[in-house]
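Each chain is listed here by its residues.
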Amino acid sequence: MDVKQRMQEIAQAKYGQELSQCGDGQLYHVLLQLSQELCQGRRAPAGERKLYYFSAEFLIGKLLSNDLLALGIYDQVSQALAECGHSLSAVEEAEPEPSLGNGGLGRLAACFLDSIAALGLPGDGVGLNYHYGLFQQELRDNKQTERPNPWIEDESWLIPTGIEFEVPFGFGPVKAKLFDIAVPGAHTDVANRLHLFDVEHPAPAPEGGIDFDKTDLPDRLTSFLYPDDSDEAGRLLRVYQQYFMVSAGAQLVLKELDERGHDPRSLSAHAAIQINDTHPSMVIPELVRLLLQRGLTMDEAVEQVSHTCAYTNHTILAEALEKWPISFIEKVAPQLVPILKELDARAKAAHPDSAVAIIQGKPGQEVVHMAHMDIHYGYSVNGVAALHTEILKGSELKPFYDIYPGKFNNKTNGVTLRRWLEVCNPKLAALLDQCLGTQWRTDPTQLNGLMDLYNDAAVLERMQAIKAENKRGLADALRREQGVELDPESVFDIQVKRLHEYKRQQMNALYVIRKYLDIKAGKIPERPVTVIFGAKAAPAYVMAKHIIHLILCLRQLIEDDPQVRPWLRVVMVENYNVTWAEKLIPACDISEQISLASKEASGTGNMKFMANGAVTLGTRDGANVEIADLVGPDNIYTFGASSNWIIELYDQKARDPKMGYQSELYYRRPAVKPLVDFLLDPVLTRLGDAEALKALWTDITGKDWFMSLLDVESYIAARDRAIHDYGDKPFWARKMLVNTARCGFFSSDRTIAEYDRDIWHLK
Ligand SMILES: *Cc1c(COP(=O)(O)O)cnc(C)c1O
C-alpha cells in the first residue's frame, strides 16, 4: 500500500483538503482512520487456547504512534507528514490520552496486550469503558483538585461491535454493550482486541468536580475508575462495576467458545483467564454460575473454572487485598451468594485452617476474601518480581504456599520497549541501530551488545548528547504546557509514580529540606539539581494529599528564594500520565525508586527509566533487586534496610507494639530532627496549610508506618554520592550505557513468553 496516497485519499474524503492544508487535529483523524483500516485487515492469531486478560484498568496511553509502529508504517507516515510540512509529534498532541487506568497495574496490562499481540499469541483484554476515567489533576494553591477527564470523542479508537450481554444485577438486568480497541502486533500480521464494556446510556460528566450520586445506577457504572470508596455507596459501586465487567466478560468467553465449536465442558482446554489483581475475582463464581446454567454439574463447573483461571498478585499491602461484605454481594448479585458459599464450603472441607478461608467473620458480618478465592480456584498464582514472589511464599501467603506449592510461580514484570524506548526516545533508538543493527528491536537481549562499546568515547558522548537533547525537549514541553522553566544543565532527578506513603515521596521531600537548609547555611552543593515529581493522590487519601501539599510548598519556598533557586529546584508536573511519562523518562538522569523494601511488588517505572539510560537510586525492593543484579553495584545506587529486616520489624511490632520500628527514636537523631521539624517552621507553613503540615509531622514523628526516618540518612548519603558522581562525565556515561545494555530482560515480550510457557500454553 502507498501510505501517503491513502492518507491523501482519506483527507480528501473527510475534509476535501490536501494533507498540507490539514491542521494537526485533522491529520490525527486521518491517521486514526488509516490505522483502523489496517487493523481491520489483520487476522486474529490462531491457537487451541485463547487468553482473556481481565483487568479493571488498561493504562494504554495515546495509541497513534504505538499503532503506527506496530503496523510497520511509522517511518512512512513520519516522512509523508514531513513532506507536507507537518510533524508526527505535533499531530500526536491532538490525540486525547485514554483514561482507562490508574498506575503501574494498568500500565502493565497495556504493555502485556502489546506483547501478546507482538508474539502472535491469541489473547484479548477485558475491561470497562470508563468515560471520565481516572480524574484529571489540577494543582492550585499548593493543593491537588480533581476534575473529570472526558476522553471519548465522536471519532475515537473505540469500535462499536454490536455485541450485547445482559448482566443480572439484584435490582434487575442491565445491558452491557461491547466496544473494542484493536491491538496490532508489531512485526506480525495479526491483531488482538481490548474488549471494553459500557452501559447503554452512560451518564454525562458531573458538574464541577468528580462528586456524583453513587446510587445513580446503572448509568453511572462506567463513569469513573475507582470511585471514592471512603463511604459505603462508593464501595458498593465498585462491586457493581466489578460484577458488570466479569459477568459480561464471562459471557463473552462462553460465546466465543461456542462459536469456535467447543463444548462448555472443555472450557479450560480452550480458554485461559488471567485475573489481574483481585478486581476481576468474581469471574470465578460467575463462570461457575453460567456453566451450571449450561447443564454442567457443580463438580464439572468447578473443575473447568479452576483449570481456566489464574491469578496475579500485585501487592502485599493488607489494605489493598479486597474483602467485600457478603451483604454487598447479596445486593449486587444475589445469585452468586449460594455459589460463593459452596466454593467456601468445599475449600473449608479440604483446608480447615481459618487463615485460608474464603468467607471469614462472624455470622451477619461475613466478608469474602477475594484473593483467597482466586488461590483456591485458580490453577496458578504469580507474583510480579522475584523478591515479591518469595515474600508471598515465605510470609504473606505462606499458608497457601504450604497447601499449593505447585501453583506459585514468579513472572517478573516487563515493559514494552516499543513504546518505552523506540517511540519515546527515537534518538537513542537510532543510536542503538547504528551501534548494533536493528535486531534489538525484535530481540532486546541484543542490547547486551552495547557492553562491547563500554569504552567507546564517541558512543558515550553521543549518549550524553541525546540525554541533553531530551532534557531540553522536556524543558520546552513543560514551559509550553505548564509554564515551568527548567535549567537543562542541572541534574534531572525524577520521581514520578502514584502518590503513596510506601513509595515515600515524603522521604524525597526530606532530602529537599536537607539541601535547602544546607544552602541557607552557606553550604553550596556541587552542582544544580532539579527535583521533579509527578504524582496523583487518590481523592480520599488524606495523607497522600498532605505530602503533595508539602512538595508544592517546598517548591514555592525555593522558587521565591534567589539564594537557593540557582542550586535546587522543585518541580511538580501537573496531571502525571503516560503522555508525560514518555517525555520525562528519556530526560532523566537519576531515577528515584525509593519504596520501603518489601512494599513495592515490582515497579515498572524503574524499568522504563533504566532502558532510557537513567541511573537508579533505589532500595532493594521489587524489581530493583533484579536491576541491581543485572547492572552490577557500580551502575546503581542502593541504600536502606533490607526487606528481611523490614518484615522482621513489622513482625516484632505485631507481637508487641513497643517493639519493632519506633519512629520517634529515629526522629531524635540529630541529622533527622531538623528536617522533620521544618514542617512546622513558619518559613514553610506561611505558604500553605499549617494544619496539614502539622498532621504530616505528627504522622512521621509518631507512626511513620513506611519508615522514612529509618532510611533517610542512608538515602541522603547515597543521593549525594550519585549527584557527585554525575560530575565525572565519562564515568557517568558508562553507567548510562550499562543500564540500557542490560534492560532487555525487562522487555514485556520476555515476561509474556514466560506467562505463555508456564501458565497459558496458548499454542
Ligand atoms: C509506568 C507507569 C506507572 C508505574 O510506575 P511505578 O514507578 O512502577 O509505580 C505509573 N503511571 C504511569 C503513567 C506509568 O507510565
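Residues numbered from 1 in each chain as written. Predicted model: local features only at pLDDT ≥ 70, side-chain atom pairs only at ≥ 80, totals over all residues. Heavy atoms only, no water.

So what exactly am I meant to see when it comes to the sheet that holds strand β15 (residues 491-496) here?
Where strands meet in a sheet, backbone hydrogen bonds hold them as pairs that are either parallel or antiparallel. Spatially, the six strands line up as an open sheet ordered β17-β16-β15-β18-β19-β20, and their pairing is parallel. Each end of this open sheet is capped by a strand with a single partner; those strands are β17 (568-573) and β20 (637-638). Along the sheet, helix α20 (residues 542-559) makes contact with β16 (529-534) and β17, crossing β17 at roughly 135°. Against the sheet, helix α30 (residues 729-741) contacts β18 (590-593), β19 (615-618) and β20, and its axis sits at roughly 90° relative to β19. (Pairing = 2+ DSSP bridges. Helix = DSSP H or I, 4+ residues; strand = E, 2+ residues; numbered from the N terminus. Contact = heavy atoms within 4.5 Å. Axes fitted to C-alpha atoms, helices over the stretch in contact; angles between N-to-C directions.)

What is the right way to look at helix α7 (residues 232-259) in this model?
One full turn of an α-helix is made of 3.6 residues, so residues set three or four places apart face in the same direction. With 28 residues, α7 ought to run about 40 Å at 1.5 Å a step, and its terminal C-alpha atoms sit 41 Å apart, in line with that. The element α7 is largely enclosed, with a buried count of 22 among its 28 residues. After α7 finishes, the residue Gly 261 shows a positive phi value of roughly 85°. (Expected span 1.5 Å × (residues − 1). Buried < 20%, exposed > 50% of the residue type's maximum accessible area, 1.4 Å probe, protein only.)

Would you mind going over the site of the ligand with me for this structure?
The environment of the ligand is made up of 15 residues, and the closest members are Lys 497, Lys 503, Thr 604, Gly 605 and Lys 608. In the environment of the ligand, an oxygen atom lies 2.8 Å from a nitrogen or oxygen atom belonging to the backbone of Thr 604. Secondary structure elements with two or more residues in the shell around the ligand: α6 (104-118), α21 (578-584) and α22 (605-611). Taken together, the residues of the shell around the ligand break down into five nonpolar, six polar and four charged. Two domains each put at least three residues into the shell around the ligand: domain 2 (42-62 + 97-413 + 750-760) and domain 3 (487-740). (Near = heavy atom within 4 Å. Polar contact = N/O pair within 3.5 Å; in protein donor to acceptor, adjacent residues only side chain to side chain. Nonpolar A, V, L, I, M, F, W, Y, C, P; charged D, E, K, R; others polar. Domains from an automatic or database assignment.)

Hey, could you run me through the packing of aromatic side chains in this one?
Note on aromatic pairs: each is described by the distance of the centres and the angle between the planes. Applying the stated criterion across every chain, the model contains 23 aromatic pairs. For the pair Tyr 511 and Tyr 715, a centre-to-centre distance of 6.2 Å together with 65° between the ring planes defines the contact as edge-to-face. Highlighted residues: Tyr 511 in helix α19 (residues 505-520) and Tyr 715 in helix α29 (residues 708-725), separated in sequence by 204 residues. Its relative accessible area of 2% is what places Tyr 511 among the buried residues. Pairing Phe 745 with Phe 746 gives two aromatic rings, centres 5.1 Å apart and planes at 80°, and the pair type is edge-to-face. Across from the ring centre of Trp 580, 5.3 Å away, lies the NZ or CZ of Lys 583, which sits over that ring. (Phe/Tyr/Trp six-rings, centres within 6.5 Å; stacked < 30°, edge-to-face > 60°. Lys NZ or Arg CZ within 6 Å of the ring centre and 35° of its normal.)

How should I be thinking about the packing of α19 against α20 in this particular structure?
Axis separation between α19 and α20 bottoms out at 10 Å; the angle between their running directions is 20°. By the criterion of interaxial angle, the relationship of α19 to α20 is roughly parallel. Note on packing geometry: the crossing formed by α19 with α20 is left-handed. Residues Gln 505, Gln 506, Ala 509, Val 512, Ile 513 and Tyr 516 of α19 touch α20, and the partners they reach there are Ile 547, Leu 550, Ile 551, Leu 554, Leu 557 and Ile 558. Within the contact of α19 with α20, the residues separate by chemical class into ten nonpolar, two polar and no charged. (Parallel < 35°, antiparallel > 145°, perpendicular 65-115°, else oblique. Left-handed = near helix turned anticlockwise from the far one by under 90°.)

What should I look at first to understand the side chain of Lys 467 in this one?
By the secondary structure assignment, Lys 467 is in helix α18 (residues 457-482). Within the buried set, Lys 467 has no salt-bridge partner at all; the shortest N-O distance to an opposite charge, 5.4 Å, is to Asp 589. In contact with Lys 467, not counting residues within four places along its chain, are Ile 585, Pro 586, Ala 587, Cys 588, Asp 589, Asn 612, Gly 613, Ala 614 and Met 736. (Lys, Arg positive; Asp, Glu negative; His and termini not counted. Salt bridge = Lys/Arg side-chain N within 4 Å of Asp/Glu carboxyl O.)

Would you take a moment to explain the pairing of strand β6 (residues 172-184) for this structure?
On a regular strand, each side chain points to the face opposite its neighbour's, so the side chains alternate between the two faces of the sheet. Within β6, ten of the 13 residues are buried, leaving the element largely enclosed by the surrounding structure. Of the pairings in the sheet, the one linking strand β5 (residues 159-169) to β6 comprises eight bridges and is antiparallel in character. In the strand pairing of β6, Glu 166 is matched with Lys 175. Hairpin connection, β5 to β6: the antiparallel pair is bridged by two residues. Direction of pairing for β6 relative to strand β7 (residues 191-198): antiparallel, over a ladder of eight bridges. Within the sheet, the bridge partner assigned to Val 183 lies in β7 and is Asn 192. Hairpin connection of β6 to β7: six residues between the antiparallel strands, including His 187 at a positive phi of 60°.

Just checking my understanding: could you explain the pairing of β17 for this structure?
Of all six residues that make up β17, six are buried, and the element is covered over most of its length. Of the two faces of β17, both are covered, the one formed by Leu 568, Val 570 and Met 572 as well as the one formed by Arg 569, Val 571 and Val 573. Of the pairings in the sheet, the one linking β16 to β17 comprises six bridges and is parallel in character. When the bridges of β17 are listed, Thr 530 appears paired with Arg 569. A crossover links β16 with its parallel partner β17, the connecting element being α20, and its sense is right-handed. (Right-handed = clockwise from strand over helix to strand, strands pointing away.)

Got a minute to help me understand the domain arrangement of the protein in this structure?
Quoted interface sizes are often the accessible area lost when the parts come together. Entries for the protein in the domain assignment read domain 1 (1-41 + 63-96), domain 2 (42-62 + 97-413 + 750-760) and domain 3 (487-740). Counting residues at the interface gives 38 residues for domain 2 and 41 residues for domain 3. Surface buried jointly by domain 2 and domain 3 totals about 2900 Å² across both partners, of which 57% is contributed by carbon and sulfur atoms. For the interface between domain 2 and domain 3, the tally reads three salt bridges. In this structure, the salt-bridge partner of Lys 545 is Glu 146, at a minimum N-O distance of 2.6 Å. Our count for the domain 2 to domain 3 interface comes out at 19 residue pairs in polar contact (both at pLDDT 80 or more). (Buried area = accessible area lost by both parts, 1.4 Å probe.)

How do you make sense of the pattern of salt bridges when you look at a structure like this?
For the coordinates displayed, the defined rule picks out 55 salt bridges. Notably, a salt bridge pairs Glu 83 with Lys 4, separated by 2.7 Å at the nearest N-O pair. Here Lys 4 lies in helix α1 (residues 3-15) and Glu 83 lies in helix α4 (residues 74-83), a separation of 79 residues in the sequence. According to the relative accessible area criterion, Glu 83 is partly exposed, its value standing at 48%. Under the relative-accessibility criterion, Lys 4 is labelled partly exposed at 24%. Put simply, Glu 574 and Arg 140 hold a salt bridge, and the shortest N to O gap is 3.4 Å.

Honestly, the nonpolar core in this entry has me stumped. Any pointers?
Generally speaking, a soluble globular protein has its nonpolar side chains buried in company with each other. Residues Met 7, Phe 197, Phe 244, Val 283 and Trp 760 are the most contacted members of the largest nonpolar core, which totals 140 residues. The leading source of residues in this core is α7, at 14 residues. The residues touching Met 7, leaving out its near neighbours within four places in the chain, are Leu 19, Val 30, Leu 31, Leu 34, Val 77, Ala 80 and Leu 81. Ala 509, Val 529, Ala 544 and Ile 723 belong to the second-largest nonpolar core, a separate cluster that totals 72 residues. (Core = buried A, V, L, I, M, F, W, Y, C linked by side-chain atoms within 4.5 Å.)

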